[in-house]
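Tertiary structure, described
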Amino acid sequence: MKKAIPYIALIGTSAFIGNLMVIGLGFGRYWQSLDPIEFMQEFGIHFPLLVAPTMGILLPAILATGAMVKITKGQATARRNWTIALVSLVITCTITTVYHLPTNFGFMDAEYSAELATSKLNLWLGLHWLRTIFVLLAAIFSVKAFRLKEV
């Protein structure tokens, strides 16, 4: 199992980037094309369907990356790379927890005016792309650590 963990970390992180790209380029652009009230109605339908696949990718990625930080104790370069990857994933989760989740629930409950929904969606997407950059950073450092083959 120990040999599978870096693969899980790398594949999970890479799959998570793909998931974020689909959300940003697919759903995000679609949501922006809608009337804000219609968007919130659509969001209430789509968001719950996005949660399970997203968590199914993110949880193994973050757990395996955390395990790699522990496993590579004494291997300074590999551990540093895995740590940067883990911190990047944690930053992504923090952005999600602080802004995206509360805003998502507001969208689902249609609690915003049309103007406020548009503003919140635009910020939502801006922060979404910031999350995507951090996950890309996590993937880059996972690859760097993986290539060291110190495990």
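My aim in this report is to walk through the structure given alongside it, one point at a time. (Residues numbered from 1 in each chain as written. Predicted model: local features only at pLDDT ≥ 70, side-chain atom pairs only at ≥ 80, totals over all residues. Heavy atoms only, no water.)

Points about the overall build of the chain
Filter applied, for reference: Helix numbers and strand numbers start at the N terminus; a helix is a DSSP run of H or I with at least 4 residues, a strand a run of E with at least 2. Classification of residues uses two cut-offs on accessible area relative to the type maximum, computed with a 1.4 Å probe and protein chains only: under 20% is buried, over 50% is exposed, and between them is partly exposed. Note on definitions: a residue-residue contact is assigned when non-hydrogen atoms from the two residues lie within 4.5 Å. Here the open area of atoms and residues is found with the Shrake-Rupley method and a 1.4 Å probe, where only the protein chains shown may cover a residue. His is not counted, nor are the chain ends, whereas Lys and Arg count as positive and Asp and Glu as negative. One atom stands in for each charge, and that atom is NZ of Lys, CZ of Arg, CG of Asp or CD of Glu.
Along its length, the chain carries four helices and zero strands. For the chain, the succession of helices and strands along the chain, N to C, is α-α-α-α. Dimensions of the chain, computed from the C-alpha atoms along their principal axes, are close to 55 × 20 × 20 Å. Relative to its full complement of 151 residues, the chain shows a buried share of 41%. If you take every contact in the chain between residues at least 6 apart in sequence, the share linking residues at least 24 apart comes to 78%. Roughly 7900 Å² of accessible area belongs to the chain as shown, and the carbon and sulfur atoms make up 69% of that amount. Measuring between centres, the 12 positive side-chain charges of the chain sit 30 Å from its 7 negative side-chain charges.

Examining the side chain of N19
Tracing the backbone shows N19 in helix α1 (residues 5-33). Taking the relative accessible area as the measure of exposure, N19 reaches 12% and is therefore buried. Each residue touching N19, except ones within four places of it in the same chain, is listed here: T54 and I57.

Thoughts on helix α3 (residues 76-108)
What counts here: Given the number of residues in a helix, its expected span is that number minus one, multiplied by 1.5 Å. Note on bend: at a given residue it equals the angle between the axes fitted to the 7 residues ending there and to the 7 starting there.
Along its 33 residues, α3 runs 45 Å from first to last C-alpha, staying within 8% of the 48 Å computed at 1.5 Å per residue. Within α3, the axis deviates most sharply at T97, by approximately 40°. Just beyond α3, the residue with positive phi is A110, at close to 50°.

Some points on the packing of aromatic side chains
Definition in use: Aromatic rings from Phe, Tyr and Trp, with only the six-membered ring used for Trp, were paired whenever their centres fell within 6.5 Å, and each pair was classed as stacked if the ring planes differed by under 30 degrees, edge-to-face if by over 60, and tilted otherwise.
Inspection of every chain in the model, using the stated rule, returns eleven aromatic pairs. Here F27 and W31 contribute two aromatic rings whose centre-to-centre distance is 5.5 Å and whose plane-to-plane angle is 35°, an arrangement assigned as tilted. Taken as a pair, F27 and W31 lie in helix α1 at a separation of four residues, close to a single helical turn. For F27, a relative accessible area of 24% translates into the label partly exposed.

Quick look at the environment of L127
Topologically, L127 is positioned in helix α4 (residues 114-147). Here the alpha-carbon distance between L127 and A52, two residues 75 residues apart in the chain, equals 21 Å. With near-sequence residues (within four places) excluded, L127 lies in contact with I95, Y99 and H100.

Notes on the packing of helix α2 (residues 36-71) against α4
The following threshold applies: Whenever a helix is involved, its axis is fitted only over the stretch in contact; in every case the axis is a line through C-alpha atoms, and angles between N-to-C directions fall within 0 to 180 degrees. Any angle that falls under 35 degrees is termed roughly parallel, while one over 145 is termed roughly antiparallel, one within 65 to 115 roughly perpendicular, and all others oblique. Crossing chirality is assigned from the near helix's rotation relative to the far helix, an anticlockwise turn below a right angle marking it left-handed and a clockwise turn marking it right-handed.
Relative to each other, α2 and α4 sit at 60°, their axes nearing to 8 Å. By the angle between their axes, α2 is oblique relative to α4. For α2 against α4, the interelement crossing comes out left-handed. In contact with P36, I37, F39 and M40 of α2, α4 contributes A114, A117, T118 and L121.

A word on the packing of α1 against α4
Defined as follows: Amino acids outside the nonpolar list (Ala, Val, Leu, Ile, Met, Phe, Trp, Tyr, Cys, Pro) and the charged list (Asp, Glu, Lys, Arg) are all regarded as polar, and Gly is one of them.
Direction vectors running N to C along α1 and α4 enclose 160°, while the axes themselves pass 9 Å from each other. Classified by the angle their axes make, α1 and α4 are roughly antiparallel. As α1 packs across α4, the resulting crossing turns out to be left-handed. Grouping the constituent residues of the contact of α1 with α4 by class yields 20 nonpolar, eight polar and one charged.

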